[in-house]
Amino acid sequence: MEGLYYEDFEEGMTFTTPGRTITETDLVLFTGISGDLSELHTNEEFAKTTVFGQRLCHGMLGVSVVTGLMTRSGVFERVIAMLGINNWKFLKPLFVGDTVHVRFQITEKRLSNSNPKAGIIGRYYELINQNNEVIQKGEIPAMVLRRNTL
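Here's what I pulled together on the structure shown here.

## Examining the environment of Leu 91
Piece 1. With respect to the helices and strands, the residue Leu 91 is situated in the loop between β4 (86-90) and β5 (99-111).
Piece 2. Judged by relative accessible area, Leu 91 falls into the partly exposed class, the value being 43%.
Piece 3. Once residues within four sequence positions are removed from consideration, Leu 91 is found in contact with Val 134, Ile 135, Gln 136 and Lys 137.

Written out as C-alpha cells, the structure reads:
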C-alpha cells in the first residue's frame, strides 16, 4: 500500500495491523538502547518474586512496537510527523512470547495551521495481545501530506 493522503481519511475509519511476537532479543536490545536495567526486566529470579511472576518488557517497548506495526499496516506512508503521544495507558504487562497486534481508529481530521501542504489526523491506538486483551492504549496524532500539494 502506498499510504493514504489526508483527504483519504475519514473520522471513524478503523484498521488492524499484522501481528508480531515479542522475543527475548527485543527485550535485550530495548534494555540496551534505553539504558533501563531494572531487575524487573533483567533478572528472572527477582521477577519471579513479583506480582508478575516473570520478567516483563518495558512499557515503552510496547509503544515502539505500536509505531512499528502501524508502519507495517502501510496506511501512514504519507505521514510527515508524529505530533505527540497523548493519554497513553499501560493496562497490562507485555511479556516475552506475547503476540500482539494493533487496532487503530481515526478520531479527528483538520487542516494544519502551520503547513498548507498537510492536515492533522487524530489516531487512537490499542495494543492487543494474543488473548485479545488491550494491554496499552492512547493517542498519537500525526501530520499527513495533502494530495496535489507537492
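Having seen it, we continue.
## With respect to helix α1 (residues 24-34)
Every α-helical turn comprises 3.6 residues, leaving residues that sit three or four positions apart pointing alike.
Piece 1. All buried positions along α1 are accounted for by Asp 26, Leu 27, Phe 30 and Thr 31. Projected onto a plane normal to the axis of α1, the buried residues spread over an arc of 130 degrees and lie on a single side. Seen from the buried face of α1, the exposed residues on the opposite side, beyond 90 degrees, are Leu 29, Gly 32 and Ile 33.
Piece 2. Where α1 is buried, its residues contact β2 (20-21), α2 (39-42) and α4 (59-72).
Piece 3. Downstream of α1 by a residue or two, Gly 35 has a phi angle that is positive, lying close to 75 degrees.

## Some words on the nonpolar core
Piece 1. By size, the foremost hydrophobic cluster in this structure holds 29 residues, and its most contacted members are Phe 9, Phe 76, Val 100, Ile 121 and Tyr 125.
Piece 2. Put simply, the parts of the chain that give this core at least two residues each are α1, α4, β5, β6 (118-128) and β8 (142-145).

## Section: a negative patch on the surface
Piece 1. A grouping of Glu 10, Glu 11, Glu 108 and Glu 139 is seen on the molecular surface, where their side chains present a negatively charged patch.
Piece 2. Relative to the helices and strands, Glu 10 resides in the segment before β1 (14-16).
Piece 3. Overall, the relative accessible area of 45% leaves Glu 10 in the partly exposed class.

Here is what the cut-offs are and how they apply
Residues numbered from 1 in each chain as written. Predicted model: local features only at pLDDT ≥ 70, side-chain atom pairs only at ≥ 80, totals over all residues. Heavy atoms only, no water. Helix = DSSP H or I, 4+ residues; strand = E, 2+ residues; numbered from the N terminus. Buried < 20%, exposed > 50% of the residue type's maximum accessible area, 1.4 Å probe, protein only. Contact = heavy atoms within 4.5 Å. Arc of directions from axis to C-beta. Core = buried A, V, L, I, M, F, W, Y, C linked by side-chain atoms within 4.5 Å. Patch = residues over 30% accessible without salt bridge, like charges linked within 9 Å, V, L, I, M, F, W, Y side chains within 5 Å. Areas by Shrake-Rupley, 256 points an atom, 1.4 Å probe, with all protein chains shown as cover. Salt bridge = Lys/Arg side-chain N within 4 Å of Asp/Glu carboxyl O. Lys, Arg positive; Asp, Glu negative; His and termini not counted. Charge placed at Lys NZ, Arg CZ, Asp CG, Glu CD.

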